[in-house]
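Fold and contact review
This is what each chain is made of:
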Amino acid sequence: MPIIPPPPTPPPSTFAPKPALLQPHFESYKLALPAESASVASHRLPASATAGKVSHRVQLGYKEVSRRVGWNGLYMGREKGVAVYFGAEGEAWEVRLKDDMTPFFRELFILPTPLATTPSTQHSDVPSALSLSPTTWALADGTGRLYLVDSSSAASASPAEYELTSPSGELVPFLLHAADGADGAVISCCVRKDGEGTSSQRTRFEVLGVRFEGGTSGQPTPLEVRWRVRGEQSPVVVQRVDGDAWLLGAAAPFKPVRDEEEHIAPVPLEPAPAPEEPAPSPAQKFPPPYSWSQTHTTVTITIPLPSRSVPKASLTPSYTSTTFASSLLPFTSPTPAALWAPIKPGESTWTVDRARGLVEVDLEKRDEGTRWVQLFETGQGGPERGVVSVDETMSDAERRAALEALEKYTVEGEGDADPVLRSGGVDDMPSLGKGEIDESVDSSVGKQVVFTFVPAASPANTRTFPQQETLLSLPLTGTSAPPSLILSHPASLSGLLFTPPPNPEHTKTFPALPFVLASKRDLRFTYHVPHAVLALEGGSTSGGAGNAYVYYETPHEAKQGRQGLVQVGGKGRGPVVGVGGLDANGQGTVVLALCEEELVVLQGVV
């Protein structure tokens, strides 16, 4: 009976790793003492930092709660060393660092309390802020109103007011994500379909590009909406890329809003675009054209037969010390595909198992003990070759053994003396540091995202990248780091730094990053600068220390990397609710960690 051939091979991933940048020889992180010039100073806040008061008149759903959990409550300014946070009474506090990195606090503005003249069907969102210029702040009150505040003017100056409303005139709460020049921003809001009961309402999210035009004090002006897209999940990535275009990342894709009656605010209608072919579903699975596994000495390739009647002579694979070719893998012909590492062709063998409909090839490694990250060197073939990269097939026993071997990633390392932390260091180490592994936590590190590319000038041409990726980190806000993403690469247990789409490029590797992040019991924020990744615990769990972990860039051939650690939140400081940074001349990156009661300034740590 003929074997049904598999469906077409899926297109190559948008985020293709460069094998030359992977670090297969990496073994462990070692806890390093802070530099002599490093310092950690905490300063009492004039008012407790808070995410703002939340109305309980409308029950929050799971999506809305998740939206708030990872929200960064420290807003870095375009003027170096300036930031804003919100107090419990809606007051916006400006933080200005002096030359010696001590902060000066000033009450910038108090958000007016809206008059609840009629019951609202919308919950209040958290207040948010955005720096439009060195002296102009956009402050959103979480109810649907926005104020443009000039930080250089007197406290009595009245700011211009704007609002976002539904067709019925009701205010729509929103969050500020990114500035679009000095007179615009990208915002997001939660919407529900009208006419449905509270318990059955479908929660969706809209991302809008808005302009601030003609605003006056005392009379709110409607926000001018340039473009709008809608999705099932709240955005976790909002980055400006490729000129006047935006990259959005969420657990589900975004699509342009074309249904006029569903607009929550007036939007100029555009001509209906030509029908587009639907993008493949992120969840759609294709069987791979081959599978592969490895031992200490051998790499085994398994290829399904198109039919049991195929003559053996036509199935004969060819291989050299650095290449492989098979008539069953079109991308290896007529030019053989480069292998990831060299083999011993004279000691390699192959067999045909017609009972199972398989061809099995055993390639003997030239360098025994070297663990292959992938089978083919896809970086040399390029997308035009169509080289298909397939993750290694591992048995449960092999996976458990690999996890046990990786326990050393979070230990202090060997030496004449154990590293000693400064006063106020670690109160508790993560469970993985004690030799305990929670595989359910390890597998859930990061955020599952699908990326959507939105051209602001022609939102009808919005397109989605079909692959779902695991996002580990975003650039630290307030620094000069260009837009980038760190994504998980399961095959090498690494975090790969990419430039953003539409043409992403793998530029750096942080080995074992998914594994070490999974060991954190109360991970709240993960950000990166060009040379390091910063992971902060919230410090809100019982007995949690609120530690800040730093994983420094590791040289390519190094087997051991440096890890820094300092306590930031917890104790009398309260949990960490925000983080930002600034580039300090000659001092690297200065990190600001906003806790509920104190601002912690870290110098020489990152």
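**Here we look at the packing of aromatic side chains**
Aromatic ring pairs are defined here through the distance separating the ring centres and the angle between the ring planes. Tallied over the full model, the rule gives 13 aromatic pairs. Between Tyr290 and Phe331, the ring centres sit 6.3 Å apart and the planes meet at 50 degrees, which makes this aromatic pair tilted. Here Tyr290, found in the loop between β18 (254-256) and β19 (291-294), pairs with Phe331, found in the loop between β22 (323-325) and β23 (337-338); they are 41 residues apart in sequence, far enough to count as distant. Looking at Tyr290, the relative accessible area reads 2%, which means it is buried. Taking the relative accessible area as the measure of exposure, Phe331 reaches 8% and is therefore buried. Grouped by ring-pair contacts, the aromatic residues Tyr290, Phe324, Phe331 and Phe376 constitute a single cluster. When the ring centre of Trp350 is taken as reference, the NZ or CZ atom of Lys312 above it lies at 5.5 Å.

**Digging into the sheet that holds β22**
Taken in spatial order, the three strands line up as β21-β22-β23 in an open sheet, and their pairing is antiparallel. Looking at strand neighbours, the two that pair on one side only are β21 (318-319) and β23, the edges of this open sheet. Across two bridges, β21 lies against β22 in antiparallel orientation. Its bridge partner lying in β22, Ser318 is registered against Ala325.

**What about unusual backbone geometry?**
The linkage connecting Ser333 with the following residue, Pro334, adopts the cis geometry, with an omega of 5 degrees. By the secondary structure assignment, Pro334 is in the loop between β22 and β23. Residue Pro502 is reached from Pro501 by a cis peptide bond, and omega for that bond is 20 degrees. The phi torsion at Met101 lies on the positive side, around 70 degrees, for a residue other than glycine. One non-glycine residue, Ala512, adopts positive backbone phi at about 65 degrees. With respect to the helices and strands, Ala512 occurs in the loop between β31 (506-511) and α5 (513-518). Given the relative accessible area of 2%, Ala512 is considered buried.

Parameters and conventions
Residues numbered from 1 in each chain as written. Predicted model: local features only at pLDDT ≥ 70, side-chain atom pairs only at ≥ 80, totals over all residues. Heavy atoms only, no water. Phe/Tyr/Trp six-rings, centres within 6.5 Å; stacked < 30°, edge-to-face > 60°. Helix = DSSP H or I, 4+ residues; strand = E, 2+ residues; numbered from the N terminus. Buried < 20%, exposed > 50% of the residue type's maximum accessible area, 1.4 Å probe, protein only. Lys NZ or Arg CZ within 6 Å of the ring centre and 35° of its normal. Pairing = 2+ DSSP bridges.

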